[in-house]
Every structure is written in C-alpha cells, then in structure tokens.
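Each chain, written out:
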Number of protein chains: 2
Amino acid sequence: MRAYNFSAGPSMLFEDTLKETQDNMLSYKDSGLCVAEMSHRSKDYSEIHTEFITTLKELMKISDDYDVLLLQGGASQQFDAVPLNLIKKGKADYVITGHWSERAYSQALPHGDIAAVASSKQAVFTYIPELPASIFRDGTDYVHITTNNTIYGTKYTKLPDTKAPLVADMSSNILSEVIDVGKFGLIYAGAQKNIGPAGLTVVIIRKDLITKDLPNCPKMLNYYTQSSADSLFNTPPCLAVYMSMLNLRYLKKLGGISAIQKINEEKAGLLYDFIDNSAFYVNNVNKKDRSLMNIPFLSPNGDLDKKFIKEAEAQNLLTLAGHKTVGGMRASVYNAMPIEGVKKLIAFMKKFELENK
Amino acid sequence: MRAYNFSAGPSMLFEDTLKETQDNMLSYKDSGLCVAEMSHRSKDYSEIHTEFITTLKELMKISDDYDVLLLQGGASQQFDAVPLNLIKKGKADYVITGHWSERAYSQALPHGDIAAVASSKQAVFTYIPELPASIFRDGTDYVHITTNNTIYGTKYTKLPDTKAPLVADMSSNILSEVIDVGKFGLIYAGAQKNIGPAGLTVVIIRKDLITKDLPNCPKMLNYYTQSSADSLFNTPPCLAVYMSMLNLRYLKKLGGISAIQKINEEKAGLLYDFIDNSAFYVNNVNKKDRSLMNIPFLSPNGDLDKKFIKEAEAQNLLTLAGHKTVGGMRASVYNAMPIEGVKKLIAFMKKFELENK
C-alpha cells in the first residue's frame, strides 16, 4: 500500500511516474536497456533530455532569453555557484527568511561584499519582511531571495522591485504556482520536492548573465560549461532526468501549472481552514505569507506533538515531524501529494483532537 | 528482451539490481514509499547509505585511515575539487594517458603549478608510459594518474612509486580488479561504469588529506563538508545510492572483487585472444597495458567498421562504436556485462569476418 508522505524533501512523486519507471526498468521502450544504462549520447536519452527542457520551458513559459541547465550537487552547490558566477562588480544583497536563505548568505560571504538587507529572524521567520526598493544597495550584482521557506512555512506573495537581477532559490515551490520567470535573472531548484528524484538541480538563467571566463570559478561550477554543451558537458544523472521528465509530462497532461496551483490552493486551504477553526492546533505564520507547500502546526504541548507524529505514522501518514529547530508538526503538501492525503490527515487531526483535548 | 550494451558509460547494471529496484519502485520494504521519495534522514534511507559505505569498504579493503564520500557532479567535478583541496605547497604532477587525464590536467591548471610529467600522446595513447621515480618533481602536493583509459583501452598494471600522495581517477576500472587502496592518497570515480547509475561520485580519501579551512575552495567542493557530515550535509542522490548499494551487495554475494576479477579476465581474455588470432580485426594497444574494461578494435577499413556497428545493433549488441577521436569499434565489458554477451559478440565477429573478408 502506498503511504501519504508529508516529508519536506525528498518527497512524493506522481504515482504515474513511478509506475512508468517501473514498467521500463529492465527495458525502456524495447531498447533492452534501463535509462540508467544508456549512453547519455544515445538517441533515446537525448529525446528524454530534450523533452525535459522543452516541457519545463512550456510549463513555466520560459522565453528564449533564458537557458535551462540540468546540473548536480543540489541547491547547496548553487549557494557557491551563484556568487562565483554573478559577482562582477563585487557585491550582492540577501534577504534572510529562514534556514536556507541563511545558508545561501553564509556560503556567499567569501565571494564578495555580501549584505543581509532584511531578515525576519527576530520573529523566528514567521513572516516575509517588507522589501521597499530603498533597502537595496546601489551597484549590486544581484539580490537573492528564497521564495518559499520549508521549515517556517512562509512564501513570498509579492516580489521585491530591484534594480539588480533577482536571484531565487525556488527549490520548495517551483512548479507549484504560476510565476513570471521574466522577473528573475536566475532561478535555481533542487529537484527533490516538485521536480523529481534528488540528484538533479535545475538552473534557469538569463543568458546575458552567463560569462565564459571567470578566473575564480571552478570550471564545473561555471554556468557556461553546461550552457555551451546543452547540459551534456559530462554525464548527467540520466535516471533522475528521466523520472523528472515523466513528472513534467504528467503535470502538462493535468493542465499545467495553473491547474496544479488550483489543486495546491485547495489542499492548503483545507488544512489552514481546519487549523484556524481549531482551538487545539495552531499555525503561527503571518497569514498573508503562508506557504502553499509547507504547513507547520503545533498541538497544545510537546508531548502531544510526539504522540501525534507516532499515531499518524501508524495510519500511514508519514514524516510529519517539524524541523528540529521549530518542533511541532509540519505537513509538506507538494504537487504529488493527492488531496485524499490531506483529507485523511485532517480526519486524523480531528480524531486526535477529540481523544486528547 | 535485455540487450548486451557495450557502452563506455553509462553502462550495464546487474539484472538483480534492476529487478530489485523495480520490485521496490512503489514501496520499498512495505514502507509505502519509493527510495526516491524518502527523507534522507529516514531510518530506511540511513540504512541504505550506511550499507553502501560499509560494503564498499569491505569489498575494497579500505582501512579506517580513509573516508568514503558520496558526492555529486561526476569525475569532471573532481578535476576541480582535487587541486582545490590538495594543493597546499603549490604544485602537482599529472601523467597524461588519454582524453580524461588531459581533462583532469587542464582543469587543474588554474589552481597551481601543474606539470604533465609524462605522456603517451605522441603514440595516440596506445601505451602507459614508464614512470621512474626520477620524473616526478620534488615538493609536489600529489601525483595524478588515470588508472584505466576508456577511449584508448589501456590500464596501469604497475603503480608508480611517488613521494607525494598518489591520486587516481578510477572511474572506469574501480571494483573490476583487486587494488591496494593503501597505495593511494585519494581515489575518485563517477558511478556510471562499475558502481551504479550516473549522478553519484565516490571519493575515497586518506583522512589526513582533508582540510577544514580552504579559503579558495567553495564549500561544496571542500571534502571536509561531506566528510564531517557522513555525506549527508545536503540531500544525496538517494535512488542512485540505493541502486549502487544493490550492485555492491550483488558483487559481495558473487565472491567480491577477486571473484569478479577472474570473470573480467576471462571475458577480456576471450576477446583479446580472438582479435589476436584474427587477420581481420586488430587491437593496437601495447599488450602489457591492455585494459580489462574497454577493448577497442578495428576492422580492415572505416566502411566495414560502420557496417559492423549497424549489423551488431540489429543483433542486440549495442553501442559498439569507438570514440569519435579514434574511430573503429570499442567493446566495454564492465562488471555487469555477462560472459554470454562477450561470447555472442565474438560469434558475431566471426560471422561478420566470414561475410566481409
């Protein structure tokens, strides 16, 4: 039996993706080979690779001003690559809205004059700070934001107006709602939430931000290396690209990002409404900044939280523990979490409340 | 029907690995989750991760003086990471035995005083140069070699004596024959030949070569980052680690590396003997330096080579084209190529010779 997995990542994949991968595991399309066994220069793999890029561009309406790069190393590696590639004039601004933006900021520090221009840390990251144009410095190479914050359950509902190119870590909400790619200079995302299996990292970069000669940037971190080779400079993580492509194909069949956004709003809406109408559970996030993807909540005390997580697990509602830095519970409801999973969680929450209030 | 895939990489996986992955695709061990959907902090994934490292250490007899790191980015990323981590005194020596050692060398150039101390380029890399201790410079941080050369079909049968730590790109022959890890300071290998699916890179490093503070090394390329976090600093490529672990488990069941070495010697022996006794096919590699893994050969002319590759494909003997830089054919016979595949190839070669001589 399949479980409902509320993990913050790696997280659920569409069942269609898993089934098709399973069917093709020993022989993809009568080739006699698993995709993981194919030369990355083969016709079959090339088609998969191209379909991934084409479908992503179509779904996100990415113009030809941008390159889509298929990389490795996770968003954490982009915390290095972004400053190493984009810092030319010498400085960049970072907005601190949680653990991951702190990590991005601290990894950028050795690479230039890096400023944390706004932060909601003093309020345990329960909101997204106001970002008037005046807080950004002049002459920066870019402004970095984290569009969704998995641990604290917040997201940007309005993008800041910046003179410098806007760079976003979109790992935890890419493909979950319609965004205007044209507002960004660079978007990066680890695959393991809404794209596919861990091991693939997607970078969407405005072509004019790619620079061939970067004396301080290792070749494999320079975006030019993969951009000039169609992301086939070296062997890509072929199986992860294949499974991610199947996810994108499924998303397209479903009606694209606007269709999944409606479903995501319905899923998150059900859960937030239930919590807000409960005297037992609480979500401490500023309402207007609430994430569609990660919904943290607390029961009346830590012992009940532990009991909740354990009993939920017995009901096949998995990985509901909040991040260790905030405790409580967290339901991550990425694209592949079916609405039935959310309904089952709410039913369990009701029952648990009745039994423990 | 499964094909015999002679690709230089990505290449065949053990059928047991594919079948077990297939069986567990929608639910690993009744968890209700694919391994690709699990939190990398979960108990199930932790066990897989640990079994990979433990089994690799056991198979390769890796002592506790070494760390095993599970990384991403391929051997190509190690071409940057090795000099960025190991160059302290300022210089390193490289031995040039093919395309990949040239790439390793050229990526190292920006990072210090890098010398190509020996090369077989003038003879199209058909042999491994003699490496007397006198050719290595004093005061280097390491000496870099490529133990097997996929394109040219050569391998080291004797390791050089070096004062500086020996660093080896072992991507194309790791796990294929018994080696003494204690002779190396660092071994690295992309997974996609003898370890598992592309997207995983293994580094085996002597612990004293790991340095925490490296001002010029991006955090994600510093070996300390993953070494201090058991290779769980960020999300690893969980599915690739799982499938690789299954490969290692299978290898252990088979009797370990000495057992697979015997099989590999038998497979390569059959093919070399057939070629050497043929007046139609030729292998130009210096006999004592012949690879166990990659066996290039030529028919009497380029047109026949093309015909050979096409007709072999129709017999489900796939990806036999030689690398574009050398032409002809190349049979890559990594660990997971069954001896039946080699026998079928030889039978086809015989028939093709009769029909075309």
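Residues numbered from 1 in each chain as written. Chains lettered and ligands numbered in written order. Predicted model: local features only at pLDDT ≥ 70, side-chain atom pairs only at ≥ 80, totals over all residues.

1. Some points on the overall build of chain A
Keep this limit in mind: What counts as a helix is a DSSP run of H or I of at least four residues, what counts as a strand is a run of E of at least two, and both are numbered from the N terminus. Think of it as a crowd count around each C-beta: if 20 or more other C-beta atoms lie within 10 Å the residue is buried, if 12 or fewer it is exposed, and in between it is partly exposed, with C-beta placed from the backbone throughout. Here, residue contact means that the backbone-derived C-beta atoms of the two residues sit within 7 Å.
Along its length, chain A carries nine helices and 13 strands. Once the C-alpha set of chain A is aligned to its principal axes, its extents read approximately 65 × 60 × 30 Å. The proportion of buried residues among the 357 residues of chain A is 54%. Nonlocal contacts in chain A, meaning residues at least 24 apart in sequence, comprise 66% of its contacts between residues at least 6 apart.

2. Some points on the environment of A:M293
All names here are of chain A. Mapped onto the fold, M293 is located in the loop between α7 (256-276) and β11 (294-297). A residue is classified by how many C-beta atoms lie within 10 Å of it, and M293, with 28 of them, is buried. Separated by 143 residues in the primary sequence, M293 and T150 place their C-alpha atoms 7.6 Å from one another. Filtering out sequence-adjacent residues up to four positions away, M293 remains in contact with N148, S172, N173, S176, S332, V333 and Y334.

3. Overview of the interface of chain B and chain A
To keep it simple, the criterion reads: By the convention adopted, Pro, Cys, Tyr, Trp, Phe, Met, Ile, Leu, Val and Ala count as nonpolar, Lys, Arg, Asp and Glu as charged, and the other residues, Gly among them, as polar.
Contacts between the two partners involve 54 residues from chain B, matched on the other side by 53 residues from chain A. At the level of secondary structure, the elements contributing two or more residues to the side of chain B that touches chain A comprise α1 (15-23), α3 (74-86) and α6 (238-254) of chain B. The greatest single-element share of the side of chain B that touches chain A, amounting to five residues, is contributed by α3(B). Classifying every residue of the side of chain B that touches chain A by side-chain character gives 26 nonpolar, 24 polar and four charged.

4. Notes on the packing of α3(B) against helix α4 (residues 99-108) of chain B
Residue and element names in this part refer to chain B. Here is the rule: Helix axes are fitted only over the stretch in contact, all axes being lines through C-alpha atoms; the angle between N-to-C directions runs from 0 to 180 degrees. Roughly parallel refers to an angle under 35 degrees, roughly antiparallel to one over 145, roughly perpendicular to one between 65 and 115, and oblique to any angle outside these ranges. By definition, any crossing whose near helix is turned counterclockwise from its far helix by less than a right angle is left-handed, and any crossing with a clockwise turn is right-handed.
Close contact between α3 and α4 brings their axes to 8 Å; oriented N to C, the two are set at 45 degrees. Here α4 runs oblique to α3, going by the angle between their axes. Of the two elements, α3 crosses α4, and the hand of that crossing is right-handed. Residue-level contacts link F79, D80 and P83 of α3 to R103, A104, Q107 and A108 of α4. Its residues placed into classes, the contact of α3 with α4 shows four nonpolar, one polar and two charged.

5. Regarding the domain arrangement of chain A
Interface size is commonly expressed as the accessible surface area that is lost when the partners come together. All names here are of chain A. How we decide: The split into domains, and so the bounds of each, comes from an automatic or database assignment of domains.
Considered domain by domain, chain A is made up of domain 1 (15-253) and domain 2 (256-356). Its C-alpha centre places domain 1 at a distance of 27 Å from the equivalent point of domain 2. Between domain 1 and domain 2, the residue contacts involve 25 residues of the former and 23 residues of the latter. Residue assignment for the side of domain 1 that touches domain 2 shows that the elements contributing at least two residues are α2 (43-60), β6 (148-149), β7 (154-155) and α6 (238-254). Of the residues that constitute the side of domain 1 that touches domain 2, the class distribution is nine nonpolar, twelve polar and four charged.

6. So, the sheet that holds strand β5 (residues 142-146) of chain B
Residues and elements named next belong to chain B. The condition is simple: Whether two strands pair depends on DSSP finding at least two bridges between them.
Taken in spatial order, the seven strands of this open sheet run β2-β10-β9-β8-β5-β3-β4, and their pairing is mixed. Bordering the open sheet on either side are β2 (66-71) and β4 (113-119), each of which pairs with just one other strand. Between one strand axis and the next, the sheet turns by 15 degrees as a mean value, whatever way the strands run. Judged from the three bridges that link them, strand β3 (residues 91-96) and β5 form a sheet pairing that is parallel. Bridge pairing in β5 places D93 opposite V143. Packed on one face of the sheet, α3 meets β3, β5, β8 (166-169), β9 (186-190) and β10 (201-206) and runs near 160 degrees to β9.

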